[in-house]
Amino acid sequence: MIRIDSVSKRYPDGTVAVDRLSLDIPDRAITVLVGPSGCGKTTTLRMINRMVEPSEGRILLDGEDVRERPVNSLRRSMGYVIQNAGLFQHRTIIDNIATVPRLLGTSKRVAREQAAELMERVGLDTALARRYPYQLSGGQQQRVGVARALAADPPVLLMDEPFSAVDPVVRKGLQDELLRIQDELGKTIVFVTHDIDEAVKLGTMVAVLRTGGHLAQFAPPAELLSDPADPFVEDFLGADRGIRRLSFFASGELALETAPVVPIDADAERISGAATAPYLLVTDTDGAPLGWAEPERIVAGSIDKDQLLSFGRPFRPGTDSLRTALDGAVLSPTGWAVAVDGDGRALGVVSQQAVGEAIRAAHDEHRTDAKAAG
Ligand SMILES: Nc1ncnc2c1ncn2[C@@H]1O[C@H](COP(=O)(O)OP(=O)(O)O)[C@@H](O)[C@H]1O
Ligand SMILES: [Mg+2]
């Protein structure tokens, strides 16, 4: 565990960048430091690997003051990733990634082999190995930065706004990739961002900092969204807090109705059996949803695909959240969300009203839990 113990940093010009910050950063999880520009995130991160020395307080790594550790071995145990990747422009991609292992005495051949494996791990085509950084897109360079930080297999990764300089689509890809890598590798990651959505998506724990390096709140993201500690945190979380919080509620317990789901080749009997529902969800013969139709408009065996109403965006019960289910219901012109399995086959449908009830039930559960926790 990394323990930040009442740490302050005053720069020589008198700026107090961090003010008596205490944080316990759990092992093998992603802890995000988030807050407005200038609130002391980078300073805090750099105090962990001693690129900046605290003015007061201490930082403990597994119980030992980081100042007791030789700075080289400390930094070797902590990969460091920054915005714009900070790659060596005159070295090829493969040699960028192999830099630290080479410094540690790994042979060129072995280091390059490992670097090629890392390229695959971070989702880079090994065909790029001999290129130079300027020949890669921003997103690809960022992946190289992550691969290079992982090369010495450090238990800790420090990441300072690593994805802030790329466009939103690439950024989402990098975030998903980081979560996947973390599932596989289980590093202790301290991730700095000014983007609260990124913090909520990536963090197991999120520390919200305010200007002057004051800790405003340290909590799991769901708790941040449900119970912001004060108006600053609430304001920083931004709009749609209620909707966004639904991302943390599972959709697995929604009761699905199967009667309104009819295959396109259904016979008249089957359709009249289902016809009590206001709309029927028509599927293809494999069960994939095609669209909605009013029962009286369906003539057995001759459903006109072009006349079906769009079914919005389907959700996967258990995998997707209540937010996705609600979105599906809101997008659907019938007000019913469509549930599908992993192969895209319709499992059933659920009304806006049923999603609303599930949301209320989740609130009740949260309230009971909060009471039980005191
Ligand atoms: N080397 C430095 N000397 C003086 N002031 C600094 C130095 N580095 C950062 N600061 C100041 O400390 C505060 C926190 O900076 P920083 O940790 O970089 O914040 P963040 O990463 O959250 O944007 C800011 O007011 C910044 O101007
Ligand atoms: Mg910064």
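Everything that follows concerns the structure shown earlier in this document.
Residues numbered from 1 in each chain as written. Chains lettered and ligands numbered in written order. Predicted model: local features only at pLDDT ≥ 70, side-chain atom pairs only at ≥ 80, totals over all residues. Heavy atoms only, no water.

Undergrad: Run through the overall build of the protein chain, naming residues and quoting values.
TA: The helix and strand tally for the protein chain stands at 14 helices and 15 strands. By principal-axis analysis of the C-alpha atoms, the protein chain measures approximately 80 × 55 × 30 Å. By residue count, 47% of the 374 residues in the protein chain fall in the buried class. Accessible surface computed for the protein chain: about 18100 Å², of which carbon and sulfur atoms make up 48%. (Helix = DSSP H or I, 4+ residues; strand = E, 2+ residues; numbered from the N terminus. Buried < 20%, exposed > 50% of the residue type's maximum accessible area, 1.4 Å probe, protein only. Areas by Shrake-Rupley, 256 points an atom, 1.4 Å probe, with all protein chains shown as cover.)

Undergrad: Tell me what's going on with the nonpolar core, and back it up with residues and numbers.
TA: Counting 47 residues, the largest nonpolar core has Ile97, Met159 and Phe191 as the members making the most contacts within it. Considering each element in turn, this core owes the most residues, 5 residues, to helix α6 (residues 138-150). Beyond its immediate sequence surroundings of up to four residues, Phe191 is in contact with Ile30, Thr31, Val32, Leu33, Met159, Pro162, Phe163, Leu178, Glu198 and Leu202. Within the second largest apolar cluster, 25 residues are counted, among which are Ile59, Val156, Val192 and Leu209. (Core = buried A, V, L, I, M, F, W, Y, C linked by side-chain atoms within 4.5 Å. Contact = heavy atoms within 4.5 Å.)

Undergrad: If you had to explain the site of ligand 1 to someone new, which residues and values would you point to?
TA: With respect to spatial proximity, the complete set of residues near ligand 1 consists of Tyr11, Asp13, Thr15, Ala17, Ser37, Gly38, Cys39, Gly40, Lys41, Thr42 and Thr43. Separating an oxygen atom of ligand 1 from a backbone N or O atom of Cys39 is a distance of 3.1 Å. Here Lys41 contributes a side-chain N or O atom positioned 2.9 Å from an oxygen atom of ligand 1. The fraction of the free accessible surface of ligand 1 (560 Å²) that becomes covered by protein chains is 62%. Top contributing element to the shell around ligand 1 by residue count: helix α1 (residues 41-48), with 3 residues. Counted by class, the shell around ligand 1 contains 3 nonpolar, 6 polar and 2 charged residues. (Near = heavy atom within 4 Å. Polar contact = N/O pair within 3.5 Å; in protein donor to acceptor, adjacent residues only side chain to side chain. Nonpolar A, V, L, I, M, F, W, Y, C, P; charged D, E, K, R; others polar.)

Undergrad: Tell me about empty space enclosed by the protein, residues and numbers included.
TA: Any space left empty among the atoms is revealed by the rolling of a water-sized probe across them. Counted under the stated rule, the structure contains 2 cavities of 30 Å³ or more. In terms of lining residues, the largest cavity is bounded by Val122, Arg143, Val146, Phe163, Leu174, Glu177, Leu178 and Ile181. Going through the elements one at a time, α6 and α7 (168-185) are the ones with two or more residues in the lining of the largest cavity. The biggest single contributor to the lining of the largest cavity is α7, with 4 residues. (1 Å grid on protein atoms, 1.4 Å probe; cavity = no way out; pocket = protein on both sides within 12 Å on 5 of 7 lines; lining within 4 Å. Points joined across faces, edges and corners; volume = space filled by probe spheres on them.)

Undergrad: An account of the sheet that holds strand β6 (residues 78-82) is requested, with residue identities and associated values reported.
TA: The mixed open sheet is built from 6 strands, whose spatial order is β6-β7-β8-β3-β9-β10. Each edge of the open sheet carries a strand with a single partner, namely β6 and β10 (214-219). Neighbour to neighbour, the strand axes of the sheet diverge by 15° on average, direction disregarded. Where strand β3 (residues 30-34) meets strand β8 (residues 188-193), 5 bridges bridge the pair, whose relative direction is parallel. When the bridges of β8 are listed, Ile30 appears paired with Ile189. Seen against the sheet, α6 touches β6 and β7 (156-160) and runs at an angle of roughly 165° to β6. (Pairing = 2+ DSSP bridges. Axes fitted to C-alpha atoms, helices over the stretch in contact; angles between N-to-C directions.)

Undergrad: Provide a residue-level description of the environment of Gly252, including the pertinent values.
TA: Mapped onto the fold, Gly252 is located in the loop between α11 (241-245) and β11 (261-263). For Gly252, a relative accessible area of 47% puts it in the partly exposed group. Taking C-alpha positions, Gly252 is 7.5 Å from Thr319, a pair spaced 67 residues apart along the chain. If we ignore the near neighbours within four places in the chain, the residues touching Gly252 are Pro317 and Gly318.

Undergrad: Go over the packing of aromatic side chains with me, naming the residues and quoting the values.
TA: Pairs of aromatic rings are described using the distance from one ring centre to the other and the angle between the two planes. For the structure shown, the criterion picks out 2 aromatic pairs. The ring of Phe88 is capped by Arg148, whose NZ or CZ atom sits 5.0 Å from the centre of that ring. (Phe/Tyr/Trp six-rings, centres within 6.5 Å; stacked < 30°, edge-to-face > 60°. Lys NZ or Arg CZ within 6 Å of the ring centre and 35° of its normal.)

Undergrad: Lay out the pattern of salt bridges in plain terms, naming residues and giving numbers.
TA: This structure, assessed with the given rule, holds 22 salt bridges. Here Arg20 makes a salt bridge to Asp19, at a shortest N to O gap of 3.2 Å. A relative accessible area of 58% means that Arg20 is categorised as exposed. Of the charged contacts in the structure, one is a salt bridge between Arg112 and Asp95, with a shortest N-O distance of 3.0 Å. Within this pair, whereas Arg112 is found in helix α5 (residues 108-121), its partner Asp95 is found in helix α3 (residues 93-97), the two being separated by 17 residues in sequence. For Arg112, a relative accessible area of 23% corresponds to the partly exposed category. Because the salt bridges share partners, they merge into one network encompassing Arg121, Arg143, Glu177, Arg180 and Glu184. (Salt bridge = Lys/Arg side-chain N within 4 Å of Asp/Glu carboxyl O.)

Undergrad: Which residues make up the environment of Gly238, and what values do they have?
TA: By the element assignment, Gly238 lies in the loop between α10 (231-237) and α11. A C-alpha to C-alpha distance of 33 Å links Gly238 and Arg50, two positions 188 residues apart in sequence.

Undergrad: Got a sec to walk through the sheet that holds strand β2 (residues 16-25)? Specific residues and values, please.
TA: Spatially, β2-β1-β4-β5 is the arrangement adopted by the 4 strands of the open sheet, whose pairing is antiparallel. On the outer flanks of this sheet lie β2 and β5 (64-65), each paired with one strand and no other. One ladder, built from 6 bridges, connects strand β1 (residues 2-10) with β2; its direction is antiparallel. When the sheet's bridge partners are listed, Ile2 is paired in β2 with Ile25.

Structural measurements only, silent on function.
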